[in-house]
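These are the residues of each chain, in order.
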4 protein chains.
Amino acid sequence: MYKVDLNSDLGESFGRYTLGNDEKIISLISSANIACGFHASDPMVMDKTVSLAKKYGAGVGAHPGFPDLLGFGRRNMVLTPEEARNYVSYQIGALYGFCKSYGIELSHVKPHGALYNMAGKDPVLAEAICEGIARFDENIILLGLAGSELLKAAEKKGLASASEFFADRAYEEDGSLRNRKLEGSMVTDEEVSVKRIIQAVTQGTVAAYSGKEIPVKVDSICVHGDGEKALLFVEKTRKALEEEKIEILPLKDIVR
Amino acid sequence: MYKVDLNSDLGESFGRYTLGNDEKIISLISSANIACGFHASDPMVMDKTVSLAKKYGAGVGAHPGFPDLLGFGRRNMVLTPEEARNYVSYQIGALYGFCKSYGIELSHVKPHGALYNMAGKDPVLAEAICEGIARFDENIILLGLAGSELLKAAEKKGLASASEFFADRAYEEDGSLRNRKLEGSMVTDEEVSVKRIIQAVTQGTVAAYSGKEIPVKVDSICVHGDGEKALLFVEKTRKALEEEKIEILPLKDIVR
Amino acid sequence: MYKVDLNSDLGESFGRYTLGNDEKIISLISSANIACGFHASDPMVMDKTVSLAKKYGAGVGAHPGFPDLLGFGRRNMVLTPEEARNYVSYQIGALYGFCKSYGIELSHVKPHGALYNMAGKDPVLAEAICEGIARFDENIILLGLAGSELLKAAEKKGLASASEFFADRAYEEDGSLRNRKLEGSMVTDEEVSVKRIIQAVTQGTVAAYSGKEIPVKVDSICVHGDGEKALLFVEKTRKALEEEKIEILPLKDIVR
Amino acid sequence: MYKVDLNSDLGESFGRYTLGNDEKIISLISSANIACGFHASDPMVMDKTVSLAKKYGAGVGAHPGFPDLLGFGRRNMVLTPEEARNYVSYQIGALYGFCKSYGIELSHVKPHGALYNMAGKDPVLAEAICEGIARFDENIILLGLAGSELLKAAEKKGLASASEFFADRAYEEDGSLRNRKLEGSMVTDEEVSVKRIIQAVTQGTVAAYSGKEIPVKVDSICVHGDGEKALLFVEKTRKALEEEKIEILPLKDIVR
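Read on for an overview of the structure. (Residues numbered from 1 in each chain as written. Chains lettered and ligands numbered in written order. Predicted model: local features only at pLDDT ≥ 70, side-chain atom pairs only at ≥ 80, totals over all residues. Heavy atoms only, no water.)

Before going further, it helps to examine the overall build of chain A. A tally of helices and strands in chain A yields nine helices and ten strands. The C-alpha atoms of chain A give 17 Å as radius of gyration, which agrees with the globular expectation for 256 residues (18 Å, within 12%). Residue burial in chain A is summarised as follows: out of 256 residues, 61% are buried. Considering only contacts within chain A whose residues lie at least 6 apart along the sequence, 72% involve residues at least 24 apart. A total accessible area of about 9900 Å² is found for chain A, and carbon and sulfur atoms account for 50% of it. Taken as two groups, the 31 positive and 37 negative side-chain charges of chain A have centres that lie 1 Å from each other. (Helix = DSSP H or I, 4+ residues; strand = E, 2+ residues; numbered from the N terminus. Rg over C-alpha atoms; globule rule 2.2 N^0.38 Å. Buried < 20%, exposed > 50% of the residue type's maximum accessible area, 1.4 Å probe, protein only. Contact = heavy atoms within 4.5 Å. Areas by Shrake-Rupley, 256 points an atom, 1.4 Å probe, with all protein chains shown as cover. Lys, Arg positive; Asp, Glu negative; His and termini not counted. Charge placed at Lys NZ, Arg CZ, Asp CG, Glu CD.)

All chains considered together, the criterion is met by 66 salt bridges over all chains. Salt-bridge contacts for E243(A) lead to K239(A); the nearest nitrogen and oxygen are separated by 3.4 Å. Of this pair, E243(A) and K239(A) both sit in helix α8 (residues 228-243), four residues apart, which is roughly one turn of the helix. Overall, the relative accessible area of 54% leaves E243(A) in the exposed class. On the basis of relative accessible area, K239(A) is assigned to the exposed category, the value being 53%. Two residues, E190(B) and K236(B), come together in a salt bridge whose shortest N-O distance is 3.1 Å. You can see E190(B) sitting in helix α7 (residues 190-203) and its partner K236(B) sitting in helix α8 (residues 228-243), a full 46 residues away along the chain. On the accessibility criterion, K236(B) (37% relative accessible area) is partly exposed. Salt bridges sharing common partners tie together E82(A), R85(A), E131(A), R135(A) and D47(B). (Salt bridge = Lys/Arg side-chain N within 4 Å of Asp/Glu carboxyl O.)

Before going further, it helps to examine the interface of chain B and chain A. Counting residues at the interface gives 25 residues for chain B, matched by 25 residues for chain A. Carbon and sulfur atoms make up 62% of the area that chain B and chain A hide from each other, which totals about 2200 Å². Where chain B packs against chain A, one counts four salt bridges. The salt bridge involving R85(B) is made with D47(A); its shortest N-O contact spans 3.2 Å. Remark: the boundary between chain B and chain A carries eight residue pairs in polar contact (both at pLDDT 80 or more). Looking at the side of chain B that touches chain A, the elements that each hand over two or more residues are α2 (43-56), α3 (81-102) and α5 (123-136) of chain B. Broken down by element, the residue count for the side of chain B that touches chain A peaks at 15 residues, all from α3(B). Within the side of chain B that touches chain A, the residues separate by chemical class into twelve nonpolar, six polar and seven charged. (Buried area = accessible area lost by both parts, 1.4 Å probe. Polar contact = N/O pair within 3.5 Å; in protein donor to acceptor, adjacent residues only side chain to side chain. Nonpolar A, V, L, I, M, F, W, Y, C, P; charged D, E, K, R; others polar.)

Moving on, we come to the packing of aromatic side chains. Enumeration over the complete set of coordinates arrives at 38 aromatic pairs over all chains. Measuring from centroid to centroid gives 6.5 Å for Y116(B) and F166(B), while their planes differ by 85°, and the two rings are edge-to-face. One end of the pair, Y116(B), is in helix α4 (residues 113-121); the other, F166(B), is in strand β6 (residues 161-166), with 50 residues separating them in the sequence. Overall, Y116(B) belongs to the buried group, its relative accessible area being 8%. A ring pair is formed by F38(C) and Y90(C), whose centres lie 5.5 Å apart and whose planes are at 50°; its orientation type is tilted. Pair noted here: F38(C) is in the loop between β2 (31-35) and α2 (43-56) and Y90(C) is in helix α3 (residues 81-102), with a separation of 52 residues, a long-range link. No difference in accessibility class separates F38(C) from Y90(C), as the two residues are buried. (Phe/Tyr/Trp six-rings, centres within 6.5 Å; stacked < 30°, edge-to-face > 60°.)

The next subject is the relation of the copies chain D and chain C. Overlaying chain D on chain C yields an RMSD of 0.0 Å, the required transformation being a rotation through 180° with an accompanying axial translation of 0.0 Å. The superposition of one copy onto the other is thereby described by a two-fold rotation axis. Across chain D, the rotation axis passes nearest the C-alpha of A94(D), at a separation of 2.0 Å. Take the interface residues of chain D: 100% of them recur as interface residues in chain C, which is what a same-surface contact looks like. (Least-squares fit on C-alpha atoms with pLDDT ≥ 70 in both.)

Bringing the relation of the copies chain B and chain A into the picture now. In screw terms, the move from chain B to chain A is a rotation of 180° and a rise of 0.0 Å along the axis, fitting with an RMSD of 0.0 Å. A share of 100% of interface residues in chain B that are also interface residues in chain A marks the association as one of identical surfaces.

Attention now goes to the packing of helix α5 (residues 123-136) of chain A against helix α6 (residues 149-157) of chain A. Residues and elements named next belong to chain A. Where α5 contacts α6, the two axes come as close as 8 Å, and the packing angle between them is 50°. The angle between α5 and α6 places the two elements in the oblique class. Every pair of crossing elements has a handedness; the one defined by α5 and α6 is right-handed. Between α5, through P123, A126, E127, I129, C130 and E131, and α6, the contact on the second element is made entirely by E149, L150, A153, A154, K156 and K157. Here the contact of α5 with α6 is built from residues that sort into seven nonpolar, no polar and five charged. (Axes fitted to C-alpha atoms, helices over the stretch in contact; angles between N-to-C directions. Parallel < 35°, antiparallel > 145°, perpendicular 65-115°, else oblique. Left-handed = near helix turned anticlockwise from the far one by under 90°.)

With that settled, consider the interface of chain D and chain C. At the junction of the two partners, chain D supplies 25 residues and chain C supplies 25 residues. Taking both partners together, chain D and chain C bury about 2100 Å²; carbon and sulfur atoms supply 62% of that area. When the area that chain D buries against chain C is broken down by residue, the three leading residues are M44(D), Y90(D) and R135(D), summing to 30%. One can count four salt bridges joining chain D with chain C. Close ionic contact of D47(D) with R135(C) constitutes a salt bridge, the shortest N to O distance being 2.8 Å. If you look at where chain D meets chain C, you find eight residue pairs in polar contact (both at pLDDT 80 or more). Among the elements that make up the side of chain D that touches chain C, the one with the highest residue count is helix α3 (residues 81-102) of chain D (15 residues).

As structure tokens, this is what we get:
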């Protein structure tokens, strides 16, 4: 029987500012990537989001980002490897403060935004991040893009890793995501997205932008948490997975 | 045989800005209260300071403060109890990220600056802080002013607590610190300070500002980490303690 | 003929986070109080909001707050008078950077949130704020609560001031706002609110919570910018003012 | 008769943290580049530094940087041109708040750290910065590296510009600074530095790293403000300039 994780970036509100339908989304997914106060979130939001994850049984992961609240962690910044490692240690620890308070595990780490993208291509940055994780706890799973430098670095550091699939993004033949600046980089038809998910999970393949079928590793599907449309898409995805008898399980039950 | 802890607030540098002679001081004390990134410090400083504490065998404690880097956590802020609790959880967790990375224990928590002072007098704030600590780990020791609301709250929450003595401050007859705005609030003569320490540790008494001898509980002596004079004072204090055969031990060996 | 200003706190978005229907509200009011990056806002938001104020002809005022983005400037903080003065200078200057870029005047200053409330009762804080304004430009108008310490301080410093009326708040017999924690502090019926506005502007009186009619000075009416309901209320208020032939004008045409 | 400006980056303290010997340095230079609260400084520091500039008659310029206090503005960040422009507007305005309060002019702008370096090579970023300046006031002088994209952008936007000379850096034959990572990038002998300054000002040439004499434009000499050695170097430089009858004047008297 097939199985897959559904992950979403949550807990990205800050102070007076609210983002996303966290409680609704968290009830539909199996892994929550929770922001840690650098690119988004604050201690009140983290406390609330961890308590929701516990309530709905979602696995909790840290979602560390650049120290750039103003840019929501989406702007490239040049850090030294030691800075990257320590920023990850800090953010994992901060989230763990709430996990421990609620008696739940911190199962995984997924870097956010520009940190995710830069580390996907830069082995030095990727290793610095994985070192930050491994120093804290070698049992934490690294969640990232299949074939990226982040996943290679995880293997090198002895961390388990999980590959995520983006249902709304086009892929190139080499398995990379098609650049957002190019035509056709987004899959906007939700029916198509759902079909791509089912094919990816059950057959391990996806149609690249060129039309060629390519292999793809799918441990987890990334779904968005922001907007009414996002919520409907998660519901559709769940329904399709259930119809195909694909079990939805937290990362630790997928990877280990 | 008498025993006492020497504690100091350390790791209060930030980015390009350096404060204190951390490495020298940490080699002379038994407990380091390390700032957690709210009123001071950053992940690089925390990593460095925890590694120094490990190197010199000092106990590590979190030194959480108000989210006010600009005011160094010294300005009163009005928080809700839930905010105070969650800010403490976050900061303890963040520091624990480095403790766990270095394989050492997080032994205690000492609130910083205005948070320390406000919580010393406000039982609601004091309980919120202690709840943040207890939720994370009930074995953490609360370090605070003898007789303060913080220590009462710790007892109420089932936390072990330790009373600290300020060698450079005058005491009122009720055991409170003499207000800094009043004449004679500071003990400026170092010889007198050292004698007060020895008397407090060995006899459990101190001369109040009025001249009256009052009882005082001393688990730990607070020494400053900033400035050349501070360093010399710690050396003098250590020498005097050694001459009196008073053992200097980390908090966990004093309190438990 | 009667005249009154309509003011609203705007430009309180930050980075990825959006707050309020700024463009819709700004087209309906005569004075925009624009956040300056301490309690809310950022340079992108300020640039956009100032350009909207220019487009719709609204007067521009600075809306300085405490340096507490996390608490949206709604938490009491204890500042020295010099800190308060310099924080005001900085924020006025920052907003002026955009006013000058668009070739428009900075007409007024209205402190935000906890700074507004604290300065309304604390003459020392109020004078520090007014000194910050007067040092920058003595022609700037201070917008605040009638009878508050802020308005008294403005007079003392030689600044013109404007009194604002809160249509959704109950008043005590002494002209102060009824404490939000007490029953009946809010006027929830919009029809009542609109009638109170008309009476206040045309007769200079308002019914206090006790029922007694009291005098009230109204240079400006404060309307909220957040939420669909807020927008409808502004439209209703405008309509009622127009029916009563009450002219809506920017502060500088009311006060000077 | 020759004339030249001496500029230094000042006002880079923050809250509890002190950097540099600002008062001593400011008494010896003719132009102060004052940090504006993004990479360093705060309203208290800005108020103090502007008042010192007034006291000693130094010209005041804004020293805007990336919004990265943690990295002191020394880390590359990728901004959109609109972000860069608005961050400059905000910072210039904020500093102008204090200039206007003290009744002095804001004469120039010199970008800080990574923003200076990136804009020196990136015409799009350079133009965005210059647009921020020109929108605020077309009479402000841009201070930057001779031949850099910043100076080209200033010319394009119609801003006056001034070229600064680094006495402690080696130059390549094309007039660019020798990369800090390469051998021989720094001029460590102060006597040599002083001689290079005199030659650059009086003859308009400097010996490149290769040994070849190259032309160099010198409107201003950049001197450091941090450390006792820096102070002595400024004194030596002043003495040498005076002996050569080279007049030390603020930027506006050099450029206009």
